[in-house]
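# A structural walkthrough
So you can see what is in the structure, the chains are spelled out below.
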Protein chains: 4
Amino acid sequence: MEHQPRIRLGMVGGGADAFIGAVHRIAARIDDRYDLVAGALSSTPERALASGRRIGLAPDRIYADYAEMARVEAAREDGIEAVAVVTPNHLHFAVAKAFLEQGIHVICDKPMTSTLEDAETLRGLVESSGVRLMLTHNYSAYPMVREARRLVAEGALGEIRVVNVEYAQDWLAGAAESKQSKWRLDPEQAGRGGAIADIGTHALHLASFVSGLEPTSLSADLHSFGAGRRVDDNAHIMLRYPNGARGLLWVSQVAVGNENALRLRVYGTRGSIEFDQEAPNRIWFTPIGEPRRLLTRGGAGFAGAARIPAGHPEGFLEAFASLYAEFADDLRSPDAPRAPIPGVRDGVAGLRFIQAALDSSGRDGAWVALDPA
Amino acid sequence: MEHQPRIRLGMVGGGADAFIGAVHRIAARIDDRYDLVAGALSSTPERALASGRRIGLAPDRIYADYAEMARVEAAREDGIEAVAVVTPNHLHFAVAKAFLEQGIHVICDKPMTSTLEDAETLRGLVESSGVRLMLTHNYSAYPMVREARRLVAEGALGEIRVVNVEYAQDWLAGAAESKQSKWRLDPEQAGRGGAIADIGTHALHLASFVSGLEPTSLSADLHSFGAGRRVDDNAHIMLRYPNGARGLLWVSQVAVGNENALRLRVYGTRGSIEFDQEAPNRIWFTPIGEPRRLLTRGGAGFAGAARIPAGHPEGFLEAFASLYAEFADDLRSPDAPRAPIPGVRDGVAGLRFIQAALDSSGRDGAWVALDPA
Amino acid sequence: MEHQPRIRLGMVGGGADAFIGAVHRIAARIDDRYDLVAGALSSTPERALASGRRIGLAPDRIYADYAEMARVEAAREDGIEAVAVVTPNHLHFAVAKAFLEQGIHVICDKPMTSTLEDAETLRGLVESSGVRLMLTHNYSAYPMVREARRLVAEGALGEIRVVNVEYAQDWLAGAAESKQSKWRLDPEQAGRGGAIADIGTHALHLASFVSGLEPTSLSADLHSFGAGRRVDDNAHIMLRYPNGARGLLWVSQVAVGNENALRLRVYGTRGSIEFDQEAPNRIWFTPIGEPRRLLTRGGAGFAGAARIPAGHPEGFLEAFASLYAEFADDLRSPDAPRAPIPGVRDGVAGLRFIQAALDSSGRDGAWVALDPA
Amino acid sequence: MEHQPRIRLGMVGGGADAFIGAVHRIAARIDDRYDLVAGALSSTPERALASGRRIGLAPDRIYADYAEMARVEAAREDGIEAVAVVTPNHLHFAVAKAFLEQGIHVICDKPMTSTLEDAETLRGLVESSGVRLMLTHNYSAYPMVREARRLVAEGALGEIRVVNVEYAQDWLAGAAESKQSKWRLDPEQAGRGGAIADIGTHALHLASFVSGLEPTSLSADLHSFGAGRRVDDNAHIMLRYPNGARGLLWVSQVAVGNENALRLRVYGTRGSIEFDQEAPNRIWFTPIGEPRRLLTRGGAGFAGAARIPAGHPEGFLEAFASLYAEFADDLRSPDAPRAPIPGVRDGVAGLRFIQAALDSSGRDGAWVALDPA
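As the structure is a prediction and not an experimental result, all values here were calculated from the model. (Residues numbered from 1 in each chain as written. Chains lettered and ligands numbered in written order. Predicted model: local features only at pLDDT ≥ 70, side-chain atom pairs only at ≥ 80, totals over all residues. Heavy atoms only, no water.)

### Details of unusual backbone geometry
That bond from A:Lys110 to A:Pro111 is cis: its omega, -15 degrees, falls within 30 degrees of zero. Take A:Pro111: it is sitting in the loop between β4 (105-108) and α5 (116-127). Look at A:Asp364: it is not a glycine, yet its phi comes out positive at around 60 degrees. Among the structural elements, A:Asp364 can be located in the loop between α10 (344-362) and β14 (368-369). Located in the positive-phi region is C:Asp32, a residue other than glycine, with phi close to 65 degrees. Mapped onto the secondary structure, C:Asp32 falls in the loop between α1 (19-30) and β2 (34-40). (Helix = DSSP H or I, 4+ residues; strand = E, 2+ residues; numbered from the N terminus.)

Structure representation (structure tokens):
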């Protein structure tokens, strides 16, 4: 087998100190499927230049303006084939649109856009062209999350009855917030949803990804505990599923003692599964009437793929990298069987969820329908 | 210090194979504060006799009729001072009432009664007399639950923001139910509430006991997954507290892989606490901005009481026994500082909760007020 | 079934503040098989009297002298049938001997005696008479330890290869030691072994009990870290078994952060088992080539006996009580199948182990044979 | 800050299906400090060519002979600056020597060589030149292992008393061994040590790295349980340290139910630390007399470096990558403060340990001195 030519990648956002830009760059390198060759890493020309040089971009491929970048790169023979959009949320839409319209594939952080309308527009763009968009719901790429999904799909849990998902953090528990994450609390930059948009969409996606079920309605109680905070930092949401299953979704950014505690529990008629993102190399699987079993990545019965043997922990970056590698496979071999990569449909589902949660909470928890995305 | 005379105890219910009767008898023995001397252990004369003999009761103190037992024992000079009521739920009220009216103290399983009205009646009886009623919310007597309560009361968590409690079991996940527990699923014997009554009242009590807060309203989604089951076996409930705190309460008896998973998490402005009933000798305590600490019964900082040193697990029976011992202290030294023993007020709160949950769920999750008990 | 008459029990040692005396008394009460009716709870007459009154003994059955107690009780028609010996270690021998010689059954704390010679003497006494001695290796009575033993005995682990046992505490890590436990560090009262006698004999017994194997030789490195301490507070010991299996035994009382961390791991050709005393209601069982399974007391596959259902933790006192109940069964129904209650043979094995460990360590870790007890 | 030119890297070994070669390549990419430009990935020309093409090497930099590669690359202006040696153990020495002699820095898997003599030779070479050798004791690069080392070095544990390290696997528990790992069991290819060389050197290094102590003598009991196996698959080793501390080292490849269970526990006069490689983002730290604290990578008090925030698991590959990045720092900025990268001294220490363990075990566990490396 020959080495496949790497995909020429660009990046918008992700300058100097941005956490998520560095994550994307590492993820793109891990499996050696991409060359990062162009970027508009910041919206100020000086910072864009400094950030671009720092990561070794050629001077003529450092841009201060993403729209120019889209145009110029699309025109180059050696122009980028895909772009990673790692800006604050409110810019996702315009940036993604600009590149999609130039026929450049997009890798986009979640939530996909700030409004449902924009999300639908992106979906239309993608569906009416051959251009692709991957949404980085990275938690769905943990090997044991995939394994959980497989077990559910194969019927090991029987009919699903209860889906409980929670995502608890504590970085907004105190008074002071980090400068860097300021934009996440500004409705103009992050959108109207706070925790429900930032982490709630991850929780919803994970629950749907594993259970194979999407909620049909929800009842939400959103709250903001931080003084003067304009978006929710805690949300309690009850869910109903088309098959009669019930769900709970809790997200919080004020839950002292939680770092990044995304946990999913799915209970069916024949078994259950439990996953904890902070220990991602294992899941609990209990067939009804039998002892709990600790399944491990690479361990007995594991049917998935992994870079390293059982007992050698893979982490967050590897899962992120798997999405990148799978997207590369898609682009290079579009007719091969696709891995379950999140895309525009998931982006629309996320925005519908945010919208419904805000609506329900605004109406004192009334049940609000969630149309299928 | 002299040995204190033991309290003369009777029991109603708890014949031969009943699990909870045996638990009460062990609990009464552990700290040597009671002598079990009389009983109406079954409602059929033969079984009452056999059960009474089996546990060594004198023949003249074995009764087939609790009402007769209340009258006769009240009249005896050496009659019982207290009675343990361990019947199916629907009989609690009549039995407790009969003994309270005879001036005999009552130890009663939860839920206290089948209806809120009956609960209020018992409260009236207790409050208008010197007779006492202890409700066996046994989980509140774990030393580390007491420790959690102390930490909250002393302000170690600051202002409470989020209270999440769950109680998951799986004994109703399958089709077949055990004969013994049949009455729990029969609304005529157990009351209209299923899981919310059987274990939901425990969850509610634990949350209130530790947090020091009682919810003012709730929104509930009760469901019955078992075919033909007439009471709820899963409930998702959102809670609101007077100080603005938010809560979640999940109870389930169909959550495969859970044995008796009662777990409480309380988050405040300054810290958090997490408790898991299946590992009752420890709690997590996290002061904001500091590492998580594992506090243990008898370990560093422990301010409570325990029978055995740190690292020697105490369990369910010991907690039950602590309630019995504390009740004995109350009866023998009524003016000494009281331990936080659950009583009629907690019983009323439990019934209000069941009632409100049924009402809310019947009205599609509308918020229903919970008046203070 | 009729109520069985309770066994009339006496106690030597266990006055006022002694931890272990209270444990024995609770253990004797839990299953209602004993009446504690006589005692020599202290060696000073005043304290013996006060302690006896405090626990409700009749004045004429409070003794200051155990020898007198043995004589008088043996002569009474309603005299004690069994005695619990809960004195400091150096007195076990004389007390046990006195009662055995009077035909009174003995319940004795470990180590059984201070010297191997004395242990052999007790064994001779027991074997040449119908009188019985139970040694309170209480950890072997946890239901899940019994379950582990069963699994090994039934071949679920195949041929045993590795037996690793450890017992770590930290109560001697600091400079100051509690007054109460002073005798444990005094070779005159506790014997020449420190940690290896106090907790090492528990570890050895547990390993043998579960694995069904007794080591044939050992190589020991005993050490005393505490300034001026005259007995070992840490011991590393390598073990060899008759079938070629290898073992490690680590005991420490200076391992900061450990409360009572007795842990056993047994690995065979077909599976493994892991037990942790601080979480005694479960064990890990891994059949080769399969996922790890968490077996629970009362859970799927559990073949043992338990007082309460799965998920309701039993603890240290319940295991202790099980030994008491089983000893009562033995005394009342001597021909029924015996539970695996530790006795004089285990006591001799413990003393041989202490002796061998001291010998080996004194000879710089040379391998020393352990003859079968 | 400008982008630093990447280090030109070569690789010897690591063809097609080799697990560890792929690990090195990913590790080299993660932080973007290396370009892999040359390789002798296999000793057969066809496989070397195929493997080289597959990872995208230029045809003229694919070699079938490592000696030729060393010569040619040293002569090229754009020749490699460093080489990763990922062959079976018995080739490490010759390959490393060839490149060191050409002035090319070496990244070498452990154990560094098959014999102590060879290890000393490599050390001589490195010390007499400016050329560097990094030994991939990758477990020492977990951020929380570094944190543990820092805590010990800063005195948080006081004087160290007990060091217990274990490394348990089960891949040799069954009869059949994987083809791929066959060489590990062949003394000609892997050296005389089995588990003690393969994983024992990791365990020893980790213990020394964190505790800051190196054992001065050991007593070993090595055993081979697998039928016909010519090297040890289980080893029990007692350690003594210069300050009087005691240690235990257990390695096993027949411990059913263990995947890659490298665990370290260090106990001192003032505190303790516990680390588990399978949960590498946290350590337990217990100051004497205080509750256990769970320290996390990126959490409260963390003084180290990490690529991603707390709660986002880093794993095995990231630790490996950290060594690569630090080695790049060393090569590019040789005068900057050095990270604690393992090198020839650690390689010699590893071989001395293997030698001593074999000697001691051959002499029935006699204590054998370990001279400082």
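### Points about the packing of aromatic side chains
In the structure shown here, the tally under the stated rule is 30 aromatic pairs over all chains. Note on D:Tyr34 and D:Tyr324: the rings are 5.2 Å apart at their centroids and 80 degrees apart in plane angle, and the pair reads as edge-to-face. Residue D:Tyr34 is located in strand β2 (residues 34-40), and its partner D:Tyr324 is located in helix α9 (residues 316-332); the two are separated by 290 residues in the primary sequence. Neither residue differs from the other here; D:Tyr34 and D:Tyr324 are each classed as buried. In this structure, C:Arg240 packs its charged tip against the face of C:Trp367, placed 3.7 Å from the ring centre. Positioned above the aromatic ring of D:Phe209 is the side chain of D:Arg149, whose terminal nitrogen or guanidinium carbon lies 4.2 Å from the ring centre. (Phe/Tyr/Trp six-rings, centres within 6.5 Å; stacked < 30°, edge-to-face > 60°. Buried < 20%, exposed > 50% of the residue type's maximum accessible area, 1.4 Å probe, protein only. Lys NZ or Arg CZ within 6 Å of the ring centre and 35° of its normal.)

### Comments concerning the UniProt feature "domain: Gfo/Idh/MocA-like oxidoreductase N-terminal" (unreviewed entry) in chain A
Per the UniProt annotation, the sites labelled "domain: Gfo/Idh/MocA-like oxidoreductase N-terminal" (unreviewed entry) are residues 7-137 of chain A. In the segment residues 7-137 of chain A, helix accounts for 44% and strand for 20%; the C-alpha atoms at its two ends are 21 Å apart. (UniProt positions renumbered as here; feature names shortened; annotations may be inferred.)

### Here we look at the interface of chain D and chain C
Facing the 42 residues of chain D at the interface are 41 residues of chain C. Where chain D abuts chain C, roughly 3500 Å² becomes buried across the two surfaces, and 54% of that area is made up of carbon and sulfur atoms. Taken together, the connections running from chain D to chain C amount to 8 salt bridges. Across the salt bridge formed by D:Arg265 and C:Glu166, the nearest N and O atoms sit 2.6 Å from each other. For the side of chain D that touches chain C, the secondary structure elements donating two or more residues are β6 (160-168), β7 (217-223), β8 (234-240), β9 (246-252), β10 (261-268), β11 (271-276) and β12 (282-287) of chain D. (Contact = heavy atoms within 4.5 Å. Buried area = accessible area lost by both parts, 1.4 Å probe. Salt bridge = Lys/Arg side-chain N within 4 Å of Asp/Glu carboxyl O.)

### Topic: the interface of chain D and chain B
Across the boundary between the two partners, chain D contributes 9 residues, which contact 9 residues of chain B. In total, about 720 Å² of surface goes out of reach between chain D and chain B, with carbon and sulfur atoms giving 75% of it. Sorting the residues of chain D by area buried against chain B places D:Pro291, D:Leu294 and D:Ala300 first, and these three jointly supply 54% of that buried surface. Where chain D packs against chain B, one counts 0 salt bridges. Applying the counting criterion to the chain D and chain B interface returns 2 residue pairs in polar contact (both at pLDDT 80 or more). (Polar contact = N/O pair within 3.5 Å; in protein donor to acceptor, adjacent residues only side chain to side chain.)

### Comments concerning the sheet that holds β4(A)
Residue and element names in this part refer to chain A. Strand order in the open sheet made by the 5 strands is β2-β1-β3-β4-β5, with parallel pairing throughout. In this open sheet, the two edge strands, each paired with only one partner strand, are β2 (34-40) and β5 (133-135). Sheet twist, expressed as the mean angle between neighbouring strand axes with direction ignored, is 25 degrees. Strand direction decides the pairing type here: strand β3 (residues 82-86) and β4, joined by 4 bridges, are parallel. The residue bridging Ala84 from the neighbouring strand is Ile107, located in β4. (Pairing = 2+ DSSP bridges. Axes fitted to C-alpha atoms, helices over the stretch in contact; angles between N-to-C directions.)

### With respect to the nonpolar core
Residues B:Phe99, B:Leu133, B:Ile237, C:Phe99, C:Leu133 and C:Ile237 are the most contacted members of the largest nonpolar core, which totals 225 residues. Those residues within four positions of C:Leu133 in sequence are excluded, and the remaining contacts are C:Ala96, C:Leu100, C:Val106, C:Cys108, C:Met112, C:Leu122, C:Val126, C:Phe327, C:Pro342, C:Gly343 and C:Val344. With 224 residues, the next largest nonpolar core counts A:Val83, D:Ala38, D:Ile104 and D:Leu157 among its residues. (Core = buried A, V, L, I, M, F, W, Y, C linked by side-chain atoms within 4.5 Å.)

### Description of the relation of the copies chain D and chain C
Superposition of the two copies of the chain requires a rotation about an axis and a shift along the axis. Take chain D, turn it by 180 degrees, move it 0.0 Å along the axis, and it overlays chain C with an RMSD of 0.0 Å. These values place the two chain copies in the arrangement generated by a two-fold rotation axis. If distances are taken from each C-alpha of chain D to the rotation axis, the shortest is found for D:Ala366, at 3.6 Å. Residue by residue, 98% of the interface of chain D is reproduced at the interface of chain C, so both copies engage with the same surface. (Least-squares fit on C-alpha atoms with pLDDT ≥ 70 in both.)

### A look at the packing of helix α5 (residues 116-127) of chain B against helix α10 (residues 344-362) of chain B
When two helices pack together, their arrangement is captured by the angle between the axes and the distance separating the axes. All names here are of chain B. Interaxial distance between α5 and α10 falls to 9 Å at its minimum, and their mutual angle equals 170 degrees. It follows that α5 is roughly antiparallel to α10 by the angle criterion. Crossing of α5 against α10: the hand is left-handed. From α5, Leu116, Ala119, Glu120, Leu122, Arg123 and Val126 reach across to α10, where they touch Val344, Arg345, Gly347, Val348, Leu351 and Arg352. The class makeup of the residues in the contact of α5 with α10 is 7 nonpolar, 1 polar and 4 charged. (Parallel < 35°, antiparallel > 145°, perpendicular 65-115°, else oblique. Left-handed = near helix turned anticlockwise from the far one by under 90°. Nonpolar A, V, L, I, M, F, W, Y, C, P; charged D, E, K, R; others polar.)

### A closer look at empty space enclosed by the protein
The final tally for this structure, using the stated rule, is 5 cavities of 30 Å³ or more. Space inside the largest cavity adds up to approximately 140 Å³. C:Glu166, C:Leu248, D:Glu166, D:Leu248 and D:Arg265 are, among the 15 residues lining the largest cavity, the residues nearest its centre. Among the secondary structure elements, those contributing two or more residues to the lining of the largest cavity are β6 (160-168) and β9 (246-252) of chain C together with β6, β9 and β10 of chain D. Of the residues assigned to the lining of the largest cavity, the class counts are 8 nonpolar, 2 polar and 5 charged. (1 Å grid on protein atoms, 1.4 Å probe; cavity = no way out; pocket = protein on both sides within 12 Å on 5 of 7 lines; lining within 4 Å. Points joined across faces, edges and corners; volume = space filled by probe spheres on them.)

### Considerations on the domain arrangement of chain A
Residue and element names in this part refer to chain A. Domains assigned within chain A are domain 1 (7-135) and domain 2 (141-309 + 343-368). Placing the centre of domain 1 and that of domain 2 at their C-alpha centroids yields a distance of 27 Å. With 22 residues of domain 1 at the interface, the matching set in domain 2 holds 19 residues. Area buried by domain 1 at its contact with domain 2 is led by Lys110, Leu116 and Arg123, which between them contribute 30% of it. At the surface where domain 1 touches domain 2, the tally comes to 3 salt bridges. We note a salt bridge from Asp198 to Lys110, for which the minimum N-O separation is 3.5 Å. Seen at the junction of domain 1 and domain 2, the total is 3 residue pairs in polar contact (both at pLDDT 80 or more). Only α1 (19-30), α4 (89-101), α5 and β5 provide two or more residues apiece to the side of domain 1 that touches domain 2. Element by element, the count of residues in the side of domain 1 that touches domain 2 is highest for α5, at 6 residues. Looking at side-chain class alone, the side of domain 1 that touches domain 2 contains 12 nonpolar, 5 polar and 5 charged residues. (Domains from an automatic or database assignment.)

### Here's the deal with the pattern of salt bridges
Tallying each qualifying case throughout the model produces 119 salt bridges over all chains. Residue A:Arg123 pairs with A:Glu120 through a salt bridge whose shortest N-O separation is 3.4 Å. Placement of both A:Arg123 and A:Glu120 in helix α5 is noted, with a separation of 3 residues, approximately one turn of the helix. According to the relative accessible area criterion, A:Arg123 is buried, its value standing at 12%. Given the relative accessible area of 28%, A:Glu120 is considered partly exposed. A salt bridge links C:Arg292 to C:Glu274, with the shortest nitrogen-to-oxygen separation between them at 3.0 Å. One end of the pair, C:Arg292, is in strand β13 (residues 292-296); the other, C:Glu274, is in strand β11 (residues 271-276), with 18 residues separating them in the sequence. The buried category is assigned to C:Glu274, whose relative accessible area is 13%. One salt-bridge network, in which partners are shared between bridges, spans A:Asp60, A:Arg61, A:Glu73, A:Arg76 and A:Asp78.

### Focus on the relation of the copies chain D and chain B
The two copies are related by a screw motion: chain D maps onto chain B through a turn of 180 degrees and a shift of 0.0 Å along the axis, at an RMSD of 0.0 Å. Most of the interface of chain D is mirrored in chain B, where 100% of its interface residues again form contacts.

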